[in-house]
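Here's the letter readout for the chains.
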Amino acid sequence: MSLWEYANPRRFMATSSWLLPPLVVMSALLIVTGLVWGFFFTPDDFRQGSTVKIIYLHVPAALMAINAWLMMLVCSLIWIIRRHHVSALAARAAAPIGMVMTLIALFTGAIWGKPMWGTYWEWDPRLTSFLILFLFYIGYMALWEAIENPDAAADLTSVLCLVGSVFALLSRYAVLFWNQGLHQGATFSMDKEQNISNVFWYPAVISMAGFVCLFVTLVLYRTRMEIRRRRLHALDARSMAA
Amino acid sequence: MIIARILPDLGKYATEVGLAYGVSLGLLALLIGQSLWKGRKIKQRLQQEEKARKGE
């Protein structure tokens, strides 16, 4: 079966309705396990003290803030190239989730930054690109709301998404090529010497898996909502024309 | 008292860690709540509209 068959709203609705319940259970289990393990059963870091516990929220939220935008980019490209409505609606559905994830990453980063760096905010490349990404999320959502015609809205928001992708990628890779910032490099590494200790790593990975599941669950749920909203819009338009 | 016994000793950073968890979980709860509320509202409106059209 081709992936493009899910571009059919009926097939999407049918498949997502049986996918959602197990995804809800999986998201809840993973997030609760990751956060409870991290908060209650991990030791303090010898340098950062108990603030290390913020990692179980900050890293998964930052990961999803960037990946939500990349998912929106793929959906926008599908809309631009193949004109599948479900992909445009999935991009719209993902935006508020990505916006909240970016806000959590920014807030927890600032709270963590004060005791560690001595400041809540610094115009550091990664922090600044995250702030711009947050503003792009707000702009993207506002543009969807501002345009009445759904196809025109999908076209314009897709172009905005392409432009914003520069900042999504910059948020991810800024620490690698701009060394003047306060933010450290990647928290997770394949190199055992650079990777964080296993005692923090396991709950952090479970928490990240939970955030990924929560994102997929919410995107599916909200895409179903957007499909219904579009149908409602079509019915209203038909009534007005009659 | 019970909460104080359950909570781990966060030392001098208790406010920072507590704030980070409180606000983040609050934002996630708001996002989930808003999605469910809006989703149900739209579903109900669509069902009403489709019912009304069938009745015509």
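Every value quoted in this text rests on a predicted model; they were computed, and no experiment measured them.

About the cut-offs
Residues numbered from 1 in each chain as written. Chains lettered and ligands numbered in written order. Predicted model: local features only at pLDDT ≥ 70, side-chain atom pairs only at ≥ 80, totals over all residues. Heavy atoms only, no water. UniProt positions renumbered as here; feature names shortened; annotations may be inferred. Helix = DSSP H or I, 4+ residues; strand = E, 2+ residues; numbered from the N terminus. Phe/Tyr/Trp six-rings, centres within 6.5 Å; stacked < 30°, edge-to-face > 60°. Buried < 20%, exposed > 50% of the residue type's maximum accessible area, 1.4 Å probe, protein only. Core = buried A, V, L, I, M, F, W, Y, C linked by side-chain atoms within 4.5 Å. Contact = heavy atoms within 4.5 Å. Expected span 1.5 Å × (residues − 1). Buried area = accessible area lost by both parts, 1.4 Å probe. Salt bridge = Lys/Arg side-chain N within 4 Å of Asp/Glu carboxyl O. Nonpolar A, V, L, I, M, F, W, Y, C, P; charged D, E, K, R; others polar.

### A short note on the UniProt feature "transmembrane region" (unreviewed entry) in chain A
Residues and elements named next belong to chain A.
(1) Moving on: In this structure's numbering, the residues bearing the UniProt feature "transmembrane region" (unreviewed entry) are residues 20-42, 54-81, 93-112, 127-147, 159-179 and 199-221.
(2) Moving on: Taken end to end, residues 93-112 comprises 100% helix and 0% strand; its first and last C-alpha atoms sit 30 Å apart.
(3) Moving on: The distance separating the terminal C-alpha atoms of residues 199-221 is 34 Å; by composition the span is 100% helix and 0% strand.

### Regarding the packing of aromatic side chains
Residues and elements named next belong to chain A.
(1) Moving on: One pass over the structure, following the stated rule, counts 9 aromatic pairs over all chains.
(2) Moving on: On the numbers, 5.4 Å between centres and 70° between planes, the contact of tryptophan 201 with tyrosine 202 is edge-to-face.
(3) Moving on: For tryptophan 201, a relative accessible area of 28% translates into the label partly exposed.
(4) Moving on: A relative accessible area of 41% places tyrosine 202 in the partly exposed class.
(5) Moving on: Through successive ring pairs, a cluster of aromatic residues spans Trp69, Phe136, Tyr137, Tyr140 and Phe167.

### A short note on the nonpolar core
(1) Moving on: In terms of nonpolar packing, the biggest core is built from 61 residues, with Trp69, Met72, Met101, Tyr137, Tyr140 and Phe211 of chain A touching the most fellow members.
(2) Moving on: Sorting the residues of this core by element identifies α1 (9-40), α2 (55-82), α3 (85-117), α4 (125-146), α5 (150-177) and α6 (198-241) of chain A together with α2 (14-55) of chain B as the ones contributing at least two each.
(3) Moving on: Ranked by residue count, the leading element in this core is α2 of chain A, at 15 residues.
(4) Moving on: Tyrosine 137 of chain A has contacts with Ala65, Ala68, Trp69, Met72, Ala95, Gly98, Met99 and Thr102 of chain A, leaving out every residue within four places of it along the chain.
(5) Moving on: Membership of the second largest hydrophobic core comes to 8 residues, among which are Met13, Val86, Leu220 and Ile227 of chain A.

### Side note on α2 of chain B
(1) Moving on: Its 42 residues place the ends of α2 of chain B 61 Å apart at the C-alpha level, agreeing with the 62 Å of an ideal helix rising 1.5 Å per residue.
(2) Moving on: Of all the residues in α2 of chain B, the buried ones are Val17, Ala20, Tyr21, Ser24, Leu27, Leu28, Leu31, Ser35, Lys38, Gly39, Ile42 and Leu46 of chain B.

### Digging into the interface of chain B and chain A
(1) Moving on: Each side of the interface is counted separately: chain B has 31 residues, and chain A has 36 residues.
(2) Moving on: Buried area between chain B and chain A, both sides added, is near 3,200 Å², and the carbon and sulfur share of it is 75%.
(3) Moving on: Between the two partners, chain B and chain A, sit 2 salt bridges.
(4) Moving on: In terms of residues, the side of chain B that touches chain A owes the most to one element, α2 of chain B, which gives 25 residues.
(5) Moving on: Each residue belonging to the side of chain B that touches chain A can be placed in one class, and the counts come to 18 nonpolar, 4 polar and 9 charged.

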